[in-house]
Amino acid sequence: MEVTRTNFRKVLPEIEDTINRCVFMAIDGEFTGLSSGLEKAVSAFDTPAEYYHKIKNGSLDFLLVQFGLVAFMYNEEQKKYTHRAYNFYLFPKPLSRQAPDCRFLCQASSLDFLASHGFNFNKLFNEGIPYLNKKDETTMRTKLDEARERRKSIGEKNNSFVECPPEHVDAVKKAVNSITEFLSTTHGPVELTLPPTNGFIRKLIYQEVWKRYSNDDLRIETKNGIMVVKRPPTVEEKAEEEKKKLEDEESELDEAIGFSNVIRLISHSRKLVVGHNMLLDLCHVLHRFCEPLPDSYQEFKELLHTVFPYILDTKFMCSIRPLNEAVPSSVLSHLLATVSQQPFQLLEVEPEGEHAYTTLEEKEHEAGFDAYITGTIAIALSNHLAKSKKVKSAMKLPSATSPHLGFVINRLYLMKVIDCYIDLEKDDPEQNRDAVFHVTFPEEWKLSDLTSMFSPYGGVYVSWIDSRTAYCSLHDKVQAVNVMKQLVPSAPAGVTVATYYAVHNLGTASPVKRRSGGEENGNRPKRKHSLSQESSLKRPSVDPIPEESEDSEKDTQTKEHPRKKRKVSKSPTDNTRHKLFEENLDW
């Protein structure tokens, strides 16, 4: 179902009922851009905290313009799977003077991408559903309270009057005489409209009128810069008018909160929320509809876990064993094709009423459709895991309490970072960067210069930081000792080589000292569990590979670095490395 400002209020009770009935929900978002370029591009060697800050500082000035929500139900009696799908158009249109007037960025490639997939921009701007986060809602409510206080004070005698300039005396006098004549007649029009004037003259008229009359004698309102005088209402009429005014203001505020009500319903349900490579979606959801993202990475994790207690990232599911051995590509469209064949089983999930998608449709990058595909894939992946673990809940919908999903729930995939993830329930795994070196070099250096410098040590994978710095990861980890002994102290002129740990102020952590037994562990924080140490999460022991030309399924035009088209040398003995990670950097 397509949901806009036109039908949002009517559909909201149905959405609430759907969320209450479902087992889990799948979400997806479409944006006006992905990266502003204000931050350095994501690196394969970023920490989760660095990754978060790059998203926070480089992506949140764009808008989330379409949100897909698909709820999945299971009927135990009929043994039937059903879904309801909602595709929301979102636009923060200010509905009143109190509402914030949002400013945002657009990325030409992203808008072109949306347009090429049939996105309706007219519907977005004309009928997009507004929204407020908690901070903006509080600000707007404060402004409404202040306006109410001002209404109460209208008519109170004010001794601080502005002296009327001679050139405005006649205009003010004429207006006051008209008001006096209007009030002196009992059988006349119910209101008097004065000639248009500027704000200063209106203020002079107000103060002259209040010198003669009280709020019980008349009422003056200004509409579009024109003063309208009305006869005083009765006590009952006045009370009724104030009541209606308050109701209208509350209704206006509720309409301004708009789509944020949906996110609150999802949060309060404490149901499982599923997405595909969903970190960016979640950051936008928190920032736009809940709270501005905090500067602290730890506070971000706590906020996210509070708002969404249970999340499941299908991209993360497919990146670890046992699923990564059965999934050749985790690109969403490729993944759908994979789970449609053995050993997986793609279940038929029937629509409820008109709230429908099917896997046969071609609506990629419509948020509602992508959410539907993500949800059906999650069901297939969950059932495959349940069968492999001989769990009785096989062939039923995944949920927050599914025992076979405990090792993937609340863990978020980090694009391009293959040896770490975000864990919302405990500390993130610490990456092993013993064989990673931070290198600075002359700007004219090319990839061949770096690979040539490291060729005596078995070759490297290069992750560019900018035109003069890069991370170099050794293919042969054992050679880190020789790099420390030989290359670091004798690097070519204009070149510096340092360990990853030294650059990140984590202590020297020298592989030479560590392997010779001479390192003092106190120089660096104690290592936490690493990804490779968790048997259930163990990945193949491989190096990262160079970024592909397509950074995401959502925006194929986004580029990381002008040198990214260069080829990177590959170890001749590692024929599986490229295949395993060839698509891992796609959205």
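This text follows the structure it describes.
Right, let's walk through the structure included here. (Residues numbered from 1 in each chain as written. Predicted model: local features only at pLDDT ≥ 70, side-chain atom pairs only at ≥ 80, totals over all residues. Heavy atoms only, no water.)

**With respect to the overall build of the protein**
Each helix and strand counted, the protein has 19 helices and 16 strands in total. Split into buried and exposed, the 587 residues of the protein put 51% on the buried side. For the protein, restricting intrachain contacts to residue pairs at least 6 apart in sequence, the fraction spanning at least 24 positions comes to 74%. As presented, the protein carries roughly 28,100 Å² of accessible surface, and 50% of it is formed by carbon and sulfur atoms. (Helix = DSSP H or I, 4+ residues; strand = E, 2+ residues; numbered from the N terminus. Buried < 20%, exposed > 50% of the residue type's maximum accessible area, 1.4 Å probe, protein only. Contact = heavy atoms within 4.5 Å. Areas by Shrake-Rupley, 256 points an atom, 1.4 Å probe, with all protein chains shown as cover.)

**Describing the nonpolar core**
Grouped burial of nonpolar side chains is what soluble globular proteins tend to show. The biggest cluster of nonpolar side chains holds 103 residues, and the ones touching the most others in it are Phe67, Leu69, Phe88, Phe259 and Phe308. The greatest single-element share of this core, amounting to ten residues, is contributed by helix α14 (residues 367-388). Leave out the neighbours within four places in its chain, and Phe88 touches Val3, Phe8, Ile15, Val65, Gln66, Phe67, Leu69, Ile129, Phe259 and Val262. In this structure, Tyr457, Ala470, Cys472 and Ala480 belong to the second largest nonpolar core, which totals 22 residues. (Core = buried A, V, L, I, M, F, W, Y, C linked by side-chain atoms within 4.5 Å.)

**Considerations on the pattern of salt bridges**
Where charged atoms from two side chains of opposite charge approach closely, those side chains can pair. Following the criterion strictly, the structure yields 20 salt bridges and no others. With a closest N to O distance of 3.0 Å, Glu208 and Lys211 form a salt bridge. A residue pair is termed a helical-turn pair when its members lie 3 or 4 positions apart in one helix, as Glu208 and Lys211 do in helix α7 (residues 199-212) at three residues. A relative accessible area of 43% places Lys211 in the partly exposed class. Through salt bridges that share partners, Glu14, Asp17, Arg21, Arg84 and Glu352 make up one connected network. (Salt bridge = Lys/Arg side-chain N within 4 Å of Asp/Glu carboxyl O.)

**A word on the sheet that holds strand β15 (residues 469-474)**
Here we have four strands laid out as an open sheet, ordered β14-β15-β13-β16, and antiparallel in their pairing. One side of each edge strand has no neighbouring strand; the edge strands of this open sheet are β14 (460-466) and β16 (496-499). Averaged over all neighbouring strand pairs, the angle between strand axes comes to 25 degrees, with direction disregarded. Where β14 lies against β15, six bridges are found, and the strand directions are antiparallel. Looking at β15, one finds that Asp466 is bridged to Thr469. Each of β13 (436-440), β14, β15 and β16 touches helix α15 (residues 447-454); the most contacted strand, β14, lies at about 135 degrees to it. Contacts between helix α16 (residues 480-487) and the sheet are confined to β13, β15 and β16, with β13 contributing the most and set at about 30 degrees to the helix. (Pairing = 2+ DSSP bridges. Axes fitted to C-alpha atoms, helices over the stretch in contact; angles between N-to-C directions.)

**Overview of helix α3 (residues 108-116)**
Taken as a whole, α3 has its buried residues at Ser109, Ser110, Phe113 and Leu114. Take α3 and look down its axis: the buried residues cluster within an arc of 135 degrees, on one side only. The outward face of α3, more than 90 degrees from its buried face, is lined by the exposed residues Ala108, Asp112 and Ser116. Of the surrounding elements, those touching the buried residues of α3 are β2 (24-31), β3 (64-75) and α4 (121-127). Positioned one or two residues after α3, Gly118 has a phi angle of 80 degrees, which is positive. (Arc of directions from axis to C-beta.)

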